[in-house]
Each structure stands twice: as C-alpha cells, then as structure tokens.
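Examining the three-dimensional arrangement
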Amino acid sequence: MAGGGFVDQSSGKEYPGDLTLYVTATCIVAAMGGLIFGYDIGISGGVTSMPSFLQKFFPSVYRKEELDTSTNQYCKFDSETLTLFTSSLYLAALCSSLAASTVTRKFGRKLSMFFGGVLFCAGAILNGFASAVWMLIVGRILLGFGIGFANQSVPLYLSEMAPYKYRGALNIGFQLSITIGILIASVLNYFFDKIKGGWGWRLSLGGAVVPALIITIGSIVLPDTPNSLIERGKHNRAKKQLKRVRGVKDVEEEFQDLVAASEASKQVEHPWRNLLQRKYRPQLSMAILIPFFQQFTGINVIMFYAPVLFKTIGFRGSASLMSAVITGAVNVGATLVSIYGVDKWGRRALFLEGGIQMLLSQIAVTIAIALKFGVSGEPGELPKWYAIVVVLFICIYVAAFAWSWGPLGWLVPSEIFPLEIRSAAQSINVSVNMIFTFLIAQVFLNMLCHLKFGLFLFFAFWVVVMTVFIAFFLPETKGIPIEEMATVWEKHWYWSRFVPKTGANVLVEMGKGGKASYV
C-alpha cells in the first residue's frame, strides 16, 4: 500500500461475550499495579527538589541551588550522584524484567505481580528510613526490581483478560494508574515539603509502601487469566474461567483458539531465540522501537524532574511543586480521554495527533525558555504571566503524551505478540523501556546544563521521527482478537513480506474436533 496508509485490518472473527462487571473489577484491581511505577516517577523529582533532602544527602547540590545565586540556571542540579538516585531504579527494573519473563510464563501473571509488590514494599521501607546515600540507592534498586516484575505482568494480564472489543480501554487502566500515582505523589510532595523539621521527604519515600501493598494484596485475590491457565496445562479451569470472564456459556471457539495457540507455543523450545525468526520481525521491531520512542518523547524529563525543571526556569520551591501537581492532574485527565477514544478512534489516530501536539508544544517551550534565559542561563525572576505560559505549554505537551504515547506505548506491544513469544517479547519491551528510561534519567541534568533550551529541540526531533514511523509502519490493531493479531501484519504494505500469508505462524486450521495443524 503506497505511503503506508491505513486499511481495515479486521480478522473477521467475533467471539461472543461482553464487558462484565467481573472482568471490569478484575482489570481495575490488576491495573493498580501501575500505581507503584507512577508513584515513584512522581515522588523522585519532588524529593530531589526539597532543600532538607538535598542538604542531608547531596550537600554540593544544595549549596549551588540555595546559596550560590550566580550559578547558571541550567546547571544548578547537575550531579551524577543525584541522577544515580533517580536512574538506578530503572537499571534494576531492566534486570528484573528478564527474570520476570520466566516467572510470568511458568507460574502465571499473578505470581509476577506478587513479587513486584513485595520487592517494591521492601525498597520503600529502606528509603523511608535512609540515613546514608547507599541506603537510598539500595532502596531504589529494590523498587526497580518490583517495577520490573509489575510492568512485565500487568499489561499482559489486562490484554489477556479483556474482551477484544474493550481491550484498549481496559489495558489503558494500567497507564491511568501510573498517572494517578504520579498525581498522588506530586500532591504529597507539596504538603510534606511544608512539614517543619525537614523530614517530610521520609514520608514521601516511605509512602510508596501503600501502592506496594495494594498490588501485593491484589495479586493474591485476582484470578488467573484463561491464557495463563491453558499455558500451564489447566484446561478445565481455563474454560470455566473464560465463561466467567466473557459472561456467556458459548466460548468454545475462543477456547479452542487459545488452546491451539498454546499448543503451538509449546513447540517453541527457545522463545528468546525464536524472536529473531523472520516471521516475528514486525513484533520484535515494535517491541524495541515503541518503548525506545516512548522515552525519547522527553516525557520523563517532565515527570521525573518536574519540580527541578520548574525551579530551573525560575519558579520558587512550593511553586515548583504545585506546578508538578498541575501537570500531574492534566496527565490523569488526558489519560481518561485515551480510555474513551482508543477503541473508538483507534491507536494510530491517537499516536499521530499526540505526536503533532507534542512537537508544537515542545517548540513553544523552547522559545519561551530561550527568550528568558538565553544561552548564558543568567538567573532572574520569572514574571507570573510568563510562568503561566510556560506551564500552559508543558501541560499541552503532557496531555498529548497522556492520550497517545503514554498508554499506547504499553498497550500496543502487549497485544501484538503471539502466545509462543509473548512473555519473552514483553520482557524485551520492558527492558528497552527501562534501558532508555535509565539513560534519560541519568544524563538529563547534564544534558540540560550543556544543551540548555536546545534540550527540548533534541526531544522534538525524535517526536518527528516517531510520528513518521507510526504513520508508515504501525498497522491498526483496534477491535482484533489477541489470538488473531497475525492478520494485521499479513495485510500491511511493508510487514507482509516477513509474515507467512496464511497466518500459519500460530494456527493454520482448526477442525471441528478441536484438532489444530501447525507449521
């Protein structure tokens, strides 16, 4: 298809069933696994802008930020140790996501969620009682282990549990939980910063115990997905569970397709090695490029370091924390827009609109900061109206991300993988996400110091690249059953050259007797 435009990718299959109260409640509980990720993203930036926290653990940064008024605004927070405090978590999440793949595949999605909650809880306790930098770093590593397990299992759980017609909206519940976690953390930072005695940062860091307990307890009470039960040979339980999830008794066709996909996946002895096969080239490309692009939108510059960033461009302490609360609220609201529209407008439309909106707002922020601080970064008061303009454009940017690359960066990879490579491919997705989250978190403050306002143009360039990529290479996956996803690649103008035309990489034919043939 010339130009890579969109065509209807319908697979032609429509399984019976609807959105039941049971599956809705189940997905809401599971989606709360995103709270731990969001809470951490929101809490770290606020804590690193609190004077009492900096004075105790990073005195050199405190002296530059509070006492040296001549310091270049762009370089006030440039500290490798400070950025290691934030970024160490994501390196740990990268490592744990690889182990989580095996746990998720062999023991189910629930156990992986449970491990995530327990590890995150241990990290939160250690950080809350930290008295030295090493305690902060070790605590962050434990938090990272927890996030690696949760991010591996929760999106898969949601995609497998949800009816295909509502898979997008229910899966985005994970991203909604992330945004709610960010908002809660920003609000808590604002109020804890006002506590006399300068120990409010302990409550901010230790407060991560609450979302950790939610996902830990939730993982115990949640049922297994039919896919996971079949994968582990529990067919009777799986069929019973599928009937309950779909709210109908006629689930034979979907059940047999799930069994067939599972039998095909068991023929795959080395899922990691099979990811490199030619027929999985589309899925592997998306598992790498979508999380890569998600981080190069620059969103974590805003979310990790929002209070630090606002301080850098002239906001005072409490004002910078309140600005982070505002962007957090916009984040939640815009994610609700995505939940409403993802199964109505489709994934591609949201991706493309979000990319254009992010690009325009990043250019506007660049101009606003450049006119105020120029290249020298000379400090000065930021007029109230000017501050409002900067926050407004940042909010426009956050809104665009929150209804496009934020939720869809997790949704699309989780729904496109065949069962035989699903756990391994999701680990690749999480690992790439965490690698580049770590890199951005580690080098951002240094890049801000050297690139100055040009940092936003750096991310704007990547937004152009990723928007073009979506326009040409991502097929629409709206309304397609997860086990029928091979059809979208077979019909795509570019990816069809890699995928067998019969869709036989999972299932060739299902006979009336329930027998399946494979290649």
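Residues numbered from 1 in each chain as written. Predicted model: local features only at pLDDT ≥ 70, side-chain atom pairs only at ≥ 80, totals over all residues. Heavy atoms only, no water.

**Let's talk about the confidence of the model for the protein chain**
Per-chain confidence: the protein chain averages 82 in pLDDT, with 85% of residues scoring 70 or above. For the stretch residues 1–11, pLDDT sits under 50, and the model shows 24 contacts to residues farther than four places along the chain or on other chains. Contacts from residues 503–519, a stretch scored under 50 in pLDDT, to residues over four places away or in other chains number 32 contacts. (pLDDT = per-residue confidence, 0-100. Contact = heavy atoms within 4.5 Å.)

**Some remarks on empty space enclosed by the protein**
Tallying each qualifying case throughout the model produces 8 cavities of 30 Å³ or more. In this model, the largest cavity occupies a volume close to 150 Å³. For the largest cavity, the lining is made up of 16 residues, of which I41, Q175, I178, N300 and F401 are closest to its centre. Broken down by secondary-structure element, the contributors of at least two residues to the lining of the largest cavity are α2 (34–47), α8 (167–192), α15 (281–295), α16 (299–312), α20 (405–416) and α21 (419–451). Of the residues belonging to the lining of the largest cavity, the class tally is 8 nonpolar, 8 polar and no charged. Quantified by volume, the second largest cavity comes out at close to 100 Å³. (1 Å grid on protein atoms, 1.4 Å probe; cavity = no way out; pocket = protein on both sides within 12 Å on 5 of 7 lines; lining within 4 Å. Points joined across faces, edges and corners; volume = space filled by probe spheres on them. Helix = DSSP H or I, 4+ residues; strand = E, 2+ residues; numbered from the N terminus. Nonpolar A, V, L, I, M, F, W, Y, C, P; charged D, E, K, R; others polar.)

**Digging into the environment of Y190**
Turning to its location among the elements, Y190 is positioned in helix α8. In the structure, Y190 is positioned 130 residues away from S320 in sequence and 9.0 Å away in space, judged by C-alpha atoms. Apart from residues no more than four positions distant in its own chain, Y190 is found in contact with S318, L321, M322 and V325.

**As for helix α6 (residues 109–128)**
Compared with the 28 Å implied by 1.5 Å per residue over 20 residues, the 29 Å span of α6 between its first and last C-alpha is a close match. When we look at burial in α6, the residues that qualify are R109, S112, M113, G116, G117, F120, C121, G123, A124, N127 and G128. (Expected span 1.5 Å × (residues − 1). Buried < 20%, exposed > 50% of the residue type's maximum accessible area, 1.4 Å probe, protein only.)

**What about the pattern of salt bridges?**
By the definition in use, this model includes 9 salt bridges. Between R232 and D224 there is a salt bridge whose closest N-O contact spans 2.9 Å. Using a relative accessible area of 12% as the deciding quantity, one classes D224 as buried. Notably, a salt bridge pairs D343 with R347, separated by 2.9 Å at the nearest N-O pair. One continuous salt-bridge network, built from bridges that share partners, spans R167, D343, R347 and E415. (Salt bridge = Lys/Arg side-chain N within 4 Å of Asp/Glu carboxyl O.)

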